[in-house]
Amino acid sequence: RRQVFCWATADKAVSIVRIACGDRHCLAVGMGGKMVFSWGCADNGRLGLWKTKGFVSKPTRIKKLDEQEVIDISCGSAHSAAVCKGTPPKLYTWGKNDAGQCGVVPKRYLDEQNALVNDKKKKDETNFRF
């Protein structure tokens, strides 16, 4: 039997079944994967909320994930991820992406034709499409 944590939102109590923590922020998933909450440092958009600077002191619902059934969550130091049910499963990432940690190649690693460039400034055959 696993322990379930609960807290109240404005309209009802939510049973929390999964929590993930990064360096300065946290995510939590409600029972059935229907609600995802974030709180902590908002810098770099790591919370998935409208706020991108400062601090959010209480768990706040990430409304952009309301239409998804979240089955897993993870936090990096300044980015976050959610795996959602589907065929195939969907991966959503947000937050700091300066080194591609959100799975999207940062512009500094692309040449003028948007081809991936490696450390030796040669084009890589890998093709990223999202």
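So, a few notes on the structure that sits alongside this text.

The biggest cluster of nonpolar side chains holds 16 residues, and the ones touching the most others in it are Ile62, Leu65, Val70 and Ile73. Of all the secondary-structure elements, those providing two or more residues to this core are strand S3 (25-30), strand S6 (70-75) and strand S7 (79-84). Core analysis: the second largest hydrophobic core is formed by 7 residues, Ile16, Cys26, Ala28 and Phe37 among them.

Quick look at the pattern of salt bridges now. Tallied over the full model, the rule gives 3 salt bridges. Measuring nitrogen to oxygen at the nearest pair gives 3.5 Å for the salt bridge that ties Arg18 to Asp72. With Arg18 in strand S2 (residues 13-21) and Asp72 in strand S6, the pair connects residues that are 54 residues apart, well separated along the chain. Residue classification places Arg18 among the partly exposed positions, given a relative accessible area of 36%. Where Asp98 meets Lys96, a salt bridge forms, and the shortest distance between an N and an O atom there is 3.9 Å. You can call Asp98 partly exposed: its relative accessible area is 36%. Given the relative accessible area of 33%, Lys96 is considered partly exposed.

What follows concerns the pairing of S7. Taking burial as the measure, the 6 residues of S7 include 5 buried ones, the bulk of the element. Relative to S7, S6 runs antiparallel, the two sharing 5 bridges. Directly across from Ser74, in S7, lies its bridge partner Ala81. Connecting S6 to the next strand, S7, in antiparallel fashion are 3 residues. Relative to strand S8 (residues 90-95), S7 runs antiparallel, the two sharing 6 bridges. Counted as the bridge partner of Val83 is Leu91 from S8.

Conventions adopted
Residues numbered from 1 in each chain as written. Predicted model: local features only at pLDDT ≥ 70, side-chain atom pairs only at ≥ 80, totals over all residues. Heavy atoms only, no water. Core = buried A, V, L, I, M, F, W, Y, C linked by side-chain atoms within 4.5 Å. Buried < 20%, exposed > 50% of the residue type's maximum accessible area, 1.4 Å probe, protein only. Helix = DSSP H or I, 4+ residues; strand = E, 2+ residues; numbered from the N terminus. Salt bridge = Lys/Arg side-chain N within 4 Å of Asp/Glu carboxyl O. Pairing = 2+ DSSP bridges.

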